[in-house]
Amino acid sequence: MARTHGASEAERLQAASSTRNAWALSAPALILLFCAAAGPLLVVLIYSFLTAGPTGGVVWDFSTEAWVGVLYTRDIFDDGNLVLADAHLTIFWRSVKISILTTLITFVLGFPTAWFIATRPLKERALWLFLITIPFWTNLLIRTFAITEIIRNEGLLNKILLGIGLISEPLRIMNTDTAVLIGMAYVYLPLMVLPLFAAIDRFDMRLLEAGYDLYASRLQVLRHVVLPIVKPGIIAGSILVFIPSLGAYVTPRVLGGGKNMMIGNFIELQFGQGRNWPLGAALSMTLLLIVMLAMIFYVRAATKGGKSHG
Amino acid sequence: MAKDVTKAFGQGETVVRALDNVSCEIRTGEFFTLLGPSGCGKTTLLRLIAGFEMPSAGQILIDGQDVTGQPPNRRAVNTVFQSYALFPHLSVAENIGFGLKMKGIAKPEVDRTVREMLALVRLEAMAGRKTSQLSGGQQQRVALARALAPRPKVLLLDEPLSALDLKLRKEMQVELKRLQTETGITFVFVTHDQEEALTMSDRIAVMSAGKIQQLGAPREIYTKPRNRFVASFIGETNFLTATGVPGGAKLASGEVIAVDTGGKGGQITLAVRPEHVEITPPEAQGAIPAEVRGSVYFGTDMNYQIALPDGAEIEACVQSGVTGEALIGQGAKVGIRFAPGSVLMLED
């Protein structure tokens, strides 16, 4: 009896020590995760509930003023009554709109590109993928300024178009949403191409013949066979493009000018010239919420669409 | 159906003629088999009929209509692919209904046909499953049902049984034959398996090097092979070289074998199946003296290697005895007789 008891005691101890081991082994990862992700986020969350310091920084007084400031401004001529901040809403809306358009444009350009690469002979594929990644070698800022050289009023594009007589006046692209969109589509295209390539590469090309054989036209094969099967790649590519687009900072700053701000620039403004750290923190949390909501909505819609397909 | 079709791949001096001026007519409602070794052009011919490839020259006719320029989705022809090529994102029922849906047929009609097809291939219980959850044999039957559902004029089958194990293959052979009889659809079946071709087909086209070597009923192909290729590809055959003389053919060692040479003189090639070679005592009436070189046991049969006086070696196939022991030892002097009418003169 005592012996049995001893044995089970030993087992219990062993189980406990293996649990301890598991925690000890995953500790580095957990510490890193806390320091790099959860911790900073917590700081941002706390800052968003503090009061702005007079020259930047925060004063440790609880306040919801920053969260109110996300959507409202105080009318300084009318006893500080709350007024809906149109400018803020415009910035949110522009950010979402440009991000959605960027995702669509990169998909339309990226799908044929990925298809082309995936249907090359195995030896050539590595070269094409390599070419796709070349832009990553150069600093984003430099590449964005390079685009400026192309699209500005006296830039390459206008010189060519004027030269061949297609237009009589230079196109004013710089400092518009169009300029931002061109830049964003350029920057994020590889992030769409790579997951699409991975999905198309796994696609069994023999299914195309099966589709044609069963009375589907080319377009129908694309819609009813190819797209549903490579959908995981489309979802991955869209997420990879949409999320960084929403928080984009450099591209809208350089190509959009001061007037065409996106959320990223607006947040930077609060931490810089605006000297309103709590508002910046609250805006950051708002961005996080928008991204999370958009992702939940998108992934739900995408997977539901899959079930009704076919 | 196929008329003077040539399919050439490549350009300039490296042209490979996968099909060289092939013509054949396939009868409505028959089970037609294209038989040949890999690379003989049988799959190319099938793909030309399906419309996946365009002929370099010649025409494809279906019901007398020229369909050469029509893409696959406009031809009333469906294919059962070697890899099955089932759509992984669709259920069994959706796979079977795909062709009908693409044809623009109304949903109730599609659903009704899908149910009929599921019953025809006995997969009613699997309608809602994903195709990846099915066994190889079941996937095969879904592929069949999917291709049969739009009721094509011709069903093309590209070595559909090659991925199945032997037992399942035998079952599917019976199943295919049943489906063909029940639906009355013309089947064009591609295989390299001669036994499969012999047991299932109404007619067989034996192909090699981009040409049809012989076209006929299975019995005809087996008993009256036209040339050396057909004779050796289908079943086992002994070849003898002889000289045409009045009333038969004379071996180099002087013996005359009774065979219809059509009056052809000079050197000719004779073919005789091992099972038609009879081993007799050396002194038997009309026997050619010969010597046993060895024997191989095959279970039901025993194969003897026998040397003829002119040095040629042939095989004789006899039923094994009860013990399975070779009844005639190596080096034994025997006589050889060929069953009446069993020796054929080949064209080449």
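Reading guide: rules and limits
Residues numbered from 1 in each chain as written. Chains lettered and ligands numbered in written order. Predicted model: local features only at pLDDT ≥ 70, side-chain atom pairs only at ≥ 80, totals over all residues. Heavy atoms only, no water. Contact = heavy atoms within 4.5 Å. Buried area = accessible area lost by both parts, 1.4 Å probe. Salt bridge = Lys/Arg side-chain N within 4 Å of Asp/Glu carboxyl O. Polar contact = N/O pair within 3.5 Å; in protein donor to acceptor, adjacent residues only side chain to side chain. Helix = DSSP H or I, 4+ residues; strand = E, 2+ residues; numbered from the N terminus. 1 Å grid on protein atoms, 1.4 Å probe; cavity = no way out; pocket = protein on both sides within 12 Å on 5 of 7 lines; lining within 4 Å. Points joined across faces, edges and corners; volume = space filled by probe spheres on them. Nonpolar A, V, L, I, M, F, W, Y, C, P; charged D, E, K, R; others polar. Domains from an automatic or database assignment.

### Overview of the interface of chain B and chain A
Now for step 1: Facing the 26 residues of chain B at the interface are 18 residues of chain A.
Now for step 2: Taking both sides of the interface into account, the surface hidden between chain B and chain A amounts to around 2,000 Å²; carbon and sulfur atoms contribute 63%.
Now for step 3: Together, N73(B), H89(B) and M102(B) form the three largest contributors to the area buried by chain B at its contact with chain A, with a combined 29%.
Now for step 4: Our count for the chain B to chain A interface comes out at 1 salt bridge.
Now for step 5: Across the pair E209(A) and R47(B) runs a salt bridge whose closest N-O atoms are separated by 2.6 Å.
Now for step 6: Taken together, the connections running from chain B to chain A amount to 6 residue pairs in polar contact (both at pLDDT 80 or more).
Now for step 7: Listed by contribution, the elements that provide at least two residues to the side of chain B that touches chain A are β6 (77-80) and α2 (92-102) of chain B.

### Some details on the layout of surface pockets
Residue and element names in this part refer to chain A.
Now for step 1: By volume, the second largest pocket amounts to about 320 Å³.
Now for step 2: Along its surface, the second largest pocket is lined by 16 residues, and L208, Y212, S217, R218 and V221 are the ones closest to its centre.
Now for step 3: For the lining of the second largest pocket, the secondary-structure elements that each account for two or more residues are α8 (206-213) and α9 (218-229).
Now for step 4: Here the lining of the second largest pocket is composed, by residue class, of 11 nonpolar, 3 polar and 2 charged.

### Considering the domain arrangement of chain A
Residue and element names in this part refer to chain A.
Now for step 1: Segmenting chain A into domains produces domain 1 (1-47) and domain 2 (85-309).
Now for step 2: Relative placement of domain 1 and domain 2: their C-alpha centres are 41 Å apart.
Now for step 3: The interface of domain 1 with domain 2 comprises 4 residues on the first partner and 6 residues on the second.
Now for step 4: Summed over both partners, the interface of domain 1 with domain 2 comes to about 420 Å²; 88% of that surface belongs to carbon and sulfur atoms.
Now for step 5: Scanning the region where domain 1 abuts domain 2 turns up 0 salt bridges.
Now for step 6: Across the domain 1-domain 2 interface, the total number found is 0 residue pairs in polar contact (both at pLDDT 80 or more).
Now for step 7: Residue classes in the side of domain 1 that touches domain 2 are distributed as 4 nonpolar, no polar and no charged.

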